Protein chains: 2
Amino acid sequence: MKFRLCSPSYMACKDADSSVAAEGRKEEVENESIVSLSFRKDENFGEWYSEVVVNGEMIEYYDIAGCYVMRPWAISIWETMKSFLVIALLISKDFFDAEIKKMKIKNCYFPLFVSASDLQKEKDHIEGFAPEVAWVTRSGESELKLPIAIRPTSETVMYPYFSKWIRGHRDLPLRLNQWCNVVRWEFSNPTPFIRSREFLWQEGHTAFATKEEADTEVLDILELYRRIYEEFLAVPVIKGKKSEHEKFAGGLYTTTVEAFVPNTGCGVQGATSNCLGQNFSRMFEINFENEKGENVTVWQNSWAYTTRMLGLMVMVHGDDKGLVLPPKVASLQAIVIPVSYQDANTDIIFDACATTVKLLNEAGIHADADFRDNYSNGWKNSHWEMKGVPLRIEIGPEDLANNRVAVIRRDSLAKIDIPMADLVEKVKNMLHCIQQNLFDVAKQKRDSCIQVIHTWEEFVEALTKKKMVFAPWCDEEAVEKDVITRTNGSMGAAKSLCSPLDQPPIPKGTLCFASGKPAKKWTYWGRTY
Amino acid sequence: MKFRLCSPSYMACKDADSSVAAEGRKEEVENESIVSLSFRKDENFGEWYSEVVVNGEMIEYYDIAGCYVMRPWAISIWETMKSFLVIALLISKDFFDAEIKKMKIKNCYFPLFVSASDLQKEKDHIEGFAPEVAWVTRSGESELKLPIAIRPTSETVMYPYFSKWIRGHRDLPLRLNQWCNVVRWEFSNPTPFIRSREFLWQEGHTAFATKEEADTEVLDILELYRRIYEEFLAVPVIKGKKSEHEKFAGGLYTTTVEAFVPNTGCGVQGATSNCLGQNFSRMFEINFENEKGENVTVWQNSWAYTTRMLGLMVMVHGDDKGLVLPPKVASLQAIVIPVSYQDANTDIIFDACATTVKLLNEAGIHADADFRDNYSNGWKNSHWEMKGVPLRIEIGPEDLANNRVAVIRRDSLAKIDIPMADLVEKVKNMLHCIQQNLFDVAKQKRDSCIQVIHTWEEFVEALTKKKMVFAPWCDEEAVEKDVITRTNGSMGAAKSLCSPLDQPPIPKGTLCFASGKPAKKWTYWGRTY
């Protein structure tokens, strides 16, 4: 009974002994408090996270370490984000269409496998990825003549074809995107969504005639990523540039939307938009004849965001009752629960619930009712709180009599009565408020973690206090390596997160916090996932 | 210059010597006839197919044999088909919504990797897939302790979790689906789309309390597959049941939508909907407590369709001028081309083209204009014919003067003039006609290939004539194995394709064409991909 550790879809745990008690059925067990977390976010963040992603039905642990099962509750959010990007880039006829015709970003699908010789073409690139590459060496009982790599990313898979397809200036820009899985066999701290050996992502790969066009796209895409995080996931991010040490292996420069998890004091790279410069195009001979008849090398970008965003959303918004989903990405925005007592007329209450769902659905709100008769109201409340549904709507005899419903916000847990006449308007308004409130609270928390420092002592102290450190820096790679070495203790080394695109002025005479040399830019530092 | 074999996105070929002549630029070369096929469909089908999928810009050959690059022209069709299924099953609020709430099919994502122990749990299943499984044995420079398989299909990946999630009758039915890539390292005849080592698919996996519910779903899904082929891809299929020899490895029975390629006389399994019975659920201990408190094993189904459908669409509709796309799946349904002469007023013609595109787009028709000035009209015509765009709309000075456009159908190549006033209505009507005509012509061709036979001699003769043989059969596995052995010549063995669900009566005394025993059912036979 290897997998029978706990209750079916409502509870999962890693402790086999809890399996009997973990049944959540009214008819089967009396204990209705089981849909809860045994760890508190502020006390034991790591355990809390592992528990909430499982109990909130986002993932299951898998028997191959570092791989996870993504359940419908997670995939529905991923699909929303995916459509958002697709809509923004490709489909919407209202706003982006004219721009897109110029942009010419089109979806494609390149193979999962890459030959060793292509993978190794760009030296820095392969050095960056080599330790994490998974190799297929056997099919059935036969050894392959040459081992074949599973893509850790697709630059080396795609660019031989860029070389083939691009000949003249009229073939540019070439802009492709694919939605796929990639594999990076990392050994450090696998964490659901945040660091897994296989993950889903989109990867855009583009080629331009000039560096200016490539630079522009890098920032256009970065802005889309910021919007995904801030407008949809309600997670505040900082747009910035990665240091030489932290940039994409083989690229020219990397821009990032950098998020921060206050509980752990760790920065998380939310998504990156890279200018590859001409490093890959030289190796893969991606050249074109320009209008003067000269043979010129293209400028390239690559940009990606991954299912990691789901983990960040959980870490930033989740609480001790479970997940907290931003309304814009929740596949279920309001759950309607009939509150019935033994002597109440259940049919009328159920009808009122069904009507409420219908009204909300007609208004474009994702609502559903939980009519299950084998769970108590208390159990249902805990269950939907655990899953993070933004609004819970309760309808009981007293509500019916007063022609109202009771609405409970998942973010603040505030409960208010709403007249049925105002239902749709008020619910829409509350969803909007929750979306905004989640972002505001997260931003306020994140901002309160930012600490400006000028000296090494201040730096170390701020790190100890789990701060996101903002410091003047000389921007030298050797100095960053030195910082990493000097901070590499039990809590993990600190490194640069990004230099914000929006740079405060650096007063004359400002020195680097780490080297004492003249400072060149303001940079965020911290520990990372 | 390994990949510089030919012209960029307009032409690809396997002959390096043709690279210079293959440039298609008006300004660069005089030869404008290059957007053509060197093989004819009726004369050399295999070469024609390899050429048309490349020249039509659907795929590129990849340097790992049996893997292919899927270009935007192919992926856009795949995405249309994907949405169709998603819409039909999950989203549409008009027709399917009520049913879906009951169906509870939800998307999820399980890992790419599966441990050897799980993969091998169902004996027949692993016997069927073992020779094709790709194994990862190394990450970076380290040997893995245990080799890990890449999923050839996900029964053994998912079912341990079915065992975990299903406990009581209220957990049923459990219905999941995922869109992903799978790998089957086949060595026989890799063919783009039809037989590739990696392919994209959806795989549905469901569990029910009773066999009746499972049986019903098998046919519901099969009907959706039929609709995908017949209503969208305009490819006629036969709904049928696979023989014991041909059924899904480890399943109870397999239903199929079976297509046929007249040019090669080969049957192609279009998509399958399998009842797995209780074979997997017993191995993976997927049990539930029923309403009487008894411990019962679930009934399971799995069903899938793959990117193979793109290959079938090409094979059935393509012609000597290239691809022919059914309007319902074409990402571009009408291409508008300005026909200008040296003395014509180009601006006015271009404006008329832009207006035409705008009118069509507003009516929901996917239209675009080809304003490129570095290609001749002749080159453009060949180019868009090669890519299979259903309608080509030409606007020249004479059309302008007469307030009309000229419309050329890709299927019949018929050209008719349409008054601008009737544009949208006529174009809609023509797209509808093309969709219907493609299906009708394909069905007529397919039907003309079906030959009813009663004896072994007739069977062999019909096979030689590339027929889809319809024969009374005793339905014994040993007899099918014997047929395979006896027909295994240079053209490949013939086997059963399916026994149609819609069975003609079998007159008393009818004997099996192969064994001479009493016939039990009518069955289609043929060679296959």
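Residues numbered from 1 in each chain as written. Chains lettered and ligands numbered in written order. Predicted model: local features only at pLDDT ≥ 70, side-chain atom pairs only at ≥ 80, totals over all residues. Heavy atoms only, no water.

Per an unreviewed UniProt entry, chain A goes by the name proline--tRNA ligase and belongs to Rehmannia glutinosa. Of the comments in the UniProt record for chain A, the one headed Catalytic activity (unreviewed entry) reads "tRNA(Pro) + L-proline + ATP = L-prolyl-tRNA(Pro) + AMP + diphosphate". (UniProt positions renumbered as here; feature names shortened; annotations may be inferred.)

(A) The overall build of chain A, seen in detail. Helix and strand counts for chain A come out as 15 helices and 23 strands. Going through the 529 residues of chain A one by one, you find that 60% of them count as buried. Across chain A, the fraction of contacts at a sequence separation of at least 24, relative to all contacts at a separation of at least 6, is 68%. As presented, chain A carries roughly 21000 Å² of accessible surface, and 51% of it is formed by carbon and sulfur atoms. (Helix = DSSP H or I, 4+ residues; strand = E, 2+ residues; numbered from the N terminus. Buried < 20%, exposed > 50% of the residue type's maximum accessible area, 1.4 Å probe, protein only. Contact = heavy atoms within 4.5 Å. Areas by Shrake-Rupley, 256 points an atom, 1.4 Å probe, with all protein chains shown as cover.)

(B) Quick look at the interface of chain B and chain A. Counting residues at the interface gives 77 residues for chain B, matched by 77 residues for chain A. In total, about 6900 Å² of surface goes out of reach between chain B and chain A, with carbon and sulfur atoms giving 53% of it. On inspection of chain B and its partner chain A, the count reaches four salt bridges. In this structure, B:Lys164 and A:Glu60 form a salt bridge, with 2.6 Å as the shortest nitrogen-oxygen distance. There are 26 residue pairs in polar contact (both at pLDDT 80 or more) connecting chain B and chain A. Considered class by class, the residues forming the side of chain B that touches chain A number 43 nonpolar, twelve polar and 22 charged. Here five bridges tie strand 5 (residues 134–139) of chain A to strand 5 (residues 134–139) of chain B, and the two strands are oriented antiparallel to one another. Looking at the pairing, A:Ala134 lines up with B:Ser139 of strand 5 of chain B. (Buried area = accessible area lost by both parts, 1.4 Å probe. Salt bridge = Lys/Arg side-chain N within 4 Å of Asp/Glu carboxyl O. Polar contact = N/O pair within 3.5 Å; in protein donor to acceptor, adjacent residues only side chain to side chain. Nonpolar A, V, L, I, M, F, W, Y, C, P; charged D, E, K, R; others polar. Pairing = 2+ DSSP bridges.)

(C) Structural context of helix 1 (residues 45–55) of chain B. All names here are of chain B. Most of helix 1 is tucked away: nine of the eleven residues are buried. Inspection of helix 1 places Phe45, Trp48, Tyr49, Ser50, Glu51, Val52, Val53, Val54 and Asn55 among the buried residues, and these make up the whole buried set. Contacts from the buried residues of helix 1 go to strand 1 (59–61), strand 10 (253–261), helix 9 (308–317) and helix 11 (377–386). Downstream of helix 1 by a residue or two, Glu57 has a phi angle that is positive, lying close to 65 degrees.

(D) Looking closely at the sheet that holds strand 15 (residues 334–338) of chain A. Residues and elements named next belong to chain A. The sheet built from five strands is open, its strands ordered 16-15-17-18-19 with mixed pairing. Each having just a single partner strand, strand 16 (367–369) and strand 19 (415–419) make up the two edges of the open sheet. The sheet shows a mean angle of 25 degrees between the axes of neighbouring strands, direction not considered. Direction of pairing for strand 17 (residues 391–395) relative to strand 18 (residues 404–409): antiparallel, over a ladder of four bridges. (Axes fitted to C-alpha atoms, helices over the stretch in contact; angles between N-to-C directions.)

(E) The relation of the copies chain B and chain A, seen in detail. Each copy of the sequence occupies a distinct position, and chain B is placed on chain A by a rotation of 180 degrees and an axial shift of 0.0 Å, giving an RMSD of 0.1 Å. Taken together, the rotation angle and the small translation identify this as a two-fold axis. Among all C-alpha atoms of chain B, that of B:Val136 lies closest to the rotation axis, at 2.1 Å. (Least-squares fit on C-alpha atoms with pLDDT ≥ 70 in both.)

(F) Seen up close, the nonpolar core. A:Phe113, A:Ile150, B:Phe113 and B:Ile150 are the most contacted members of the largest nonpolar core, which totals 81 residues. The contacts of B:Ile150, once residues within four sequence positions are left out, are A:Phe113, A:Val136, A:Ile150, B:Leu112, B:Phe113, B:Val133, B:Ala134, B:Val136 and B:Val183. (Core = buried A, V, L, I, M, F, W, Y, C linked by side-chain atoms within 4.5 Å.)

(G) Fine view of the pattern of salt bridges. Taken as a whole and judged by the stated rule, the model has 73 salt bridges over all chains. Here B:Glu223 and B:Arg226 are joined by a salt bridge, their closest N and O atoms 2.8 Å apart. Residue B:Glu223 and its partner B:Arg226 are both found in helix 7 (residues 211–232); the two are separated by three residues, about one turn of the helix. One salt bridge connects B:Glu244 with B:Lys247, and the closest N-O pair in it is separated by 3.1 Å. Given a relative accessible area of 47%, B:Glu244 falls into the partly exposed group. Overlapping salt bridges, with partners in common, bring together A:Glu223, A:Arg226, A:Arg227, A:Glu230, A:Glu231 and A:Lys239 in one network.

(H) View of the side chain of A:Arg184. All names here are of chain A. Relative to the elements of secondary structure, Arg184 occurs in the loop between strand 7 (174–183) and strand 8 (198–208). The charged side chain of Arg184 is buried without a salt bridge, its nearest counter-charge being Glu132 at 4.7 Å. For Arg184, the side chain forms a polar contact with the main-chain oxygen of Pro152, separated by 2.8 Å. The contact partners of Arg184, leaving out residues within four places of it in the chain, are Phe129, Glu132, Pro152, Thr153, Ser196, Arg197, Phe199 and Trp201. (Lys, Arg positive; Asp, Glu negative; His and termini not counted.)

(I) Broad picture of the packing of aromatic side chains. Scanning the entire structure with this criterion turns up 48 aromatic pairs over all chains. Each ring, one from B:Trp473 and one from B:Trp525, has its centre 5.1 Å from the other, and the planes form 85 degrees; the classification is edge-to-face. Taken together, the residues B:Trp473 in strand 21 (residues 468–473) and B:Trp525 in strand 23 (residues 521–528) connect sequence positions 52 residues apart. Per residue, the accessibility class of B:Trp473 equals that of B:Trp525, and both read buried. Three or more aromatic residues joined by ring pairs form one cluster here, namely A:Trp456, A:Phe459, A:Trp473, A:Phe513 and A:Trp525. A cation over a ring is seen here: A:Lys241 above A:Tyr253, with NZ or CZ 5.0 Å from the ring centre. (Phe/Tyr/Trp six-rings, centres within 6.5 Å; stacked < 30°, edge-to-face > 60°. Lys NZ or Arg CZ within 6 Å of the ring centre and 35° of its normal.)

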